[in-house]
Amino acid sequence: MKIKLNYKKGGLIILNFERINQLSVEYNTANNNEKQKIEEELKKIISTMKADAIDMFKEESNIKKFLDHIVEFNNYSYNNLLLIFAQNPNAEYVASEKTYKQLGIEIQNHDQAINVYCPSFYDWVKIYKEDGTYIAKPSFALNQDEKKKYKDKNNSTVVFDKKMLSRFFLGKIYDIKSTNADISQNLLITDELAEVDEMLPCFIKAIYRDGYKIRAEDFLDNKKGYCDFENKEIVLRKGLSNLMQLKVLVHEYGHALAHKHLKSNYEDYKLHKNKYETEAESISYVVTKFLGLDTSNYSLTYLYSWSKEKDFQEVNDSLSTIVNYSKKIISNYKYFHQKELEKNEDISI
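Here is a short report on the structure shown in this document. (Residues numbered from 1 in each chain as written. Predicted model: local features only at pLDDT ≥ 70, side-chain atom pairs only at ≥ 80, totals over all residues. Heavy atoms only, no water.)

Examining the overall build of the chain
At step 1: When its secondary structure is counted, the chain shows 12 helices and 7 strands.
At step 2: Overall size of the chain, expressed as C-alpha extent along the three principal axes, is 70 × 65 × 55 Å.
At step 3: When each of the 349 residues of the chain is scored for burial, the buried share is 42%.
At step 4: In the chain, the proportion of contacts linking residues at least 24 apart, taken out of those at least 6 apart, comes to 66%.
At step 5: Surface exposure of the chain reaches about 20,200 Å², of which carbon and sulfur atoms provide 48%.
At step 6: Between the averaged position of the 51 positive side-chain charges in the chain and that of its 52 negative side-chain charges there is a distance of 4 Å. (Helix = DSSP H or I, 4+ residues; strand = E, 2+ residues; numbered from the N terminus. Buried < 20%, exposed > 50% of the residue type's maximum accessible area, 1.4 Å probe, protein only. Contact = heavy atoms within 4.5 Å. Areas by Shrake-Rupley, 256 points an atom, 1.4 Å probe, with all protein chains shown as cover. Lys, Arg positive; Asp, Glu negative; His and termini not counted. Charge placed at Lys NZ, Arg CZ, Asp CG, Glu CD.)

Laid out in structure tokens, this is it:
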């Protein structure tokens, strides 16, 4: 069978996805030892495909495209964001055929499907006995008393052990350009974004909920703010405009969430300052873009230059950090933004 190649490295990508499909069938009937071998092969395939995607970051514009994907494709995991980018770096909006149908849109070119990896996991739990030994079993097999203890954060007798892969399969999604939709129209259903003065309180509440306080002080140097891990504070320069406060808060909020380990290891920050500032500024770019604010003053040259000098694992770890904590901050913001909308609705009624 001859495989038609539609994009760079297309043949390899197709063969990898065909192998994943084959492994998914084998996994359903495999014993535990065989499943472990399949999982190892699966990890190698996904790692190879991610490395190929990261290898495409040869220009600053490609880095920007990927970070913009975090905003546009916020529902997809880090692994799938890389796989989407590897298959179609110019995708503008992606969704399943079912989602498009709900919007009254038809797929016109099924040959341009983008494959995404769809794993399903369950928790493996340790149940400790009085003598200190334990038994382990899946969370869905817990009895009512064990479930109650497992949900109790203060209980140490029934605790999480690890995530176990239950099953996996490939899903197909499509870029908006593969449909009959008029891409000049705004087809995305998104929250109506508030003005900066309304956004700022939402971020302040999110930061406080995550255990950090915010204060302002006069600085002798030119810095606009910093994250004090020891005292769990985000400190801002006095006199900043609301817009600048927001941008600095998001940057330092990124530090607070993503770099907790620096609390007791400031030497690590000094040694790898470029890495940590690159991650925080990239998180700030993604969140600021999500909010619809001007991102023209953000240069991604730092991320491009830094990533060129690092090996796959270092870049992979940092990109994973950027994706996961950007999504977390956006989710936290949306939670408090929705609360504000609901409060305003109550007042208007």
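A word on the packing of helix H2 (residues 32–54) against helix H4 (residues 78–87)
At step 1: Put simply, H2 and H4 touch, their axes get as near as 9 Å, and they point 55 degrees apart. When the axes of H2 and H4 are compared, the pair comes out oblique. The way H2 lies across H4 gives a crossing that is left-handed. Here Ile 46, Met 49, Lys 50, Ala 53 and Ile 54 of H2 come into contact with H4, specifically with Tyr 78, Asn 79, Leu 82, Leu 83, Phe 85 and Ala 86.
At step 2: For the contact of H2 with H4, the class distribution of residues is 9 nonpolar, 1 polar and 1 charged. (Axes fitted to C-alpha atoms, helices over the stretch in contact; angles between N-to-C directions. Parallel < 35°, antiparallel > 145°, perpendicular 65-115°, else oblique. Left-handed = near helix turned anticlockwise from the far one by under 90°. Nonpolar A, V, L, I, M, F, W, Y, C, P; charged D, E, K, R; others polar.)

What to know about the sheet that holds strand S3 (residues 134–138)
At step 1: Pairing is antiparallel in the open sheet, where 4 strands are placed in the order S1-S4-S2-S3. Whereas interior strands pair on both sides, the edge strands pair on one side only; in this sheet they are strand S1 (94–95) and S3.
At step 2: In the sheet, strand S2 (residues 114–128) pairs with S3 via 5 bridges, with the strands oriented antiparallel. When the sheet's bridge partners are listed, Trp 124 is paired in S3 with Pro 138.
At step 3: In the packing of H2 onto the sheet, the strands contacted are S2 and strand S4 (158–175), and the crossing angle to S4 comes to about 50 degrees.
At step 4: Strands in contact with H4 are S1, S2 and S4; relative to S2, the strand with the most contacts, it is inclined by about 165 degrees. (Pairing = 2+ DSSP bridges.)

Focus on the pattern of salt bridges
At step 1: Under the criterion given, the structure shown has 16 salt bridges.
At step 2: Residue Lys 43 pairs with Glu 40 through a salt bridge whose shortest N-O separation is 3.8 Å. With Lys 43 and Glu 40 both in helix H2 and 3 residues apart, the pair spans about one turn of that helix.
At step 3: Among the residues examined, Glu 40 registers a relative accessible area of 39% and is labelled partly exposed.
At step 4: Residues joined by salt bridges that share partners form a network here, namely Arg 19, Glu 26 and Glu 41. (Salt bridge = Lys/Arg side-chain N within 4 Å of Asp/Glu carboxyl O.)

Considerations on the sheet that holds strand S7 (residues 233–237)
Hydrogen bonding along the main chain pairs the strands of a sheet, whether they run parallel or antiparallel.
At step 1: Within the open sheet, the 3 strands sit side by side as S5-S7-S6. Their pairing is mixed. The open sheet has two free edges, formed respectively by strand S5 (213–217) and strand S6 (225–228), since each of these has just one partner strand. Put simply, the sheet's adjacent strands are angled 20 degrees from each other on average, direction ignored.
At step 2: Across 4 bridges, S6 lies against S7 in antiparallel orientation. Residue Asp 228 lies in a different strand from S7, and its bridge partner there is Glu 233.

A closer look at helix H3 (residues 60–72)
At step 1: The end-to-end C-alpha distance of H3, which contains 13 residues, comes to 19 Å, matching closely the 18 Å that a straight helix rising 1.5 Å per residue would cover.
At step 2: Taken together, the buried positions of H3 are Asn 62, Ile 63, Phe 66, Leu 67, Asp 68, His 69, Ile 70 and Val 71. (Expected span 1.5 Å × (residues − 1).)

What about the nonpolar core?
At step 1: Core analysis: the biggest nonpolar cluster contains 81 residues, and Ile 20, Phe 66, Leu 67, Phe 168, Phe 203, Leu 246 and Leu 291 have the highest contact counts within it.
At step 2: Sequence-distant contacts of Phe 203, that is, excluding residues within four places in its chain, are made with Leu 246, Val 250, Tyr 253, Val 287, Leu 291, Ile 329 and Tyr 333. (Core = buried A, V, L, I, M, F, W, Y, C linked by side-chain atoms within 4.5 Å.)

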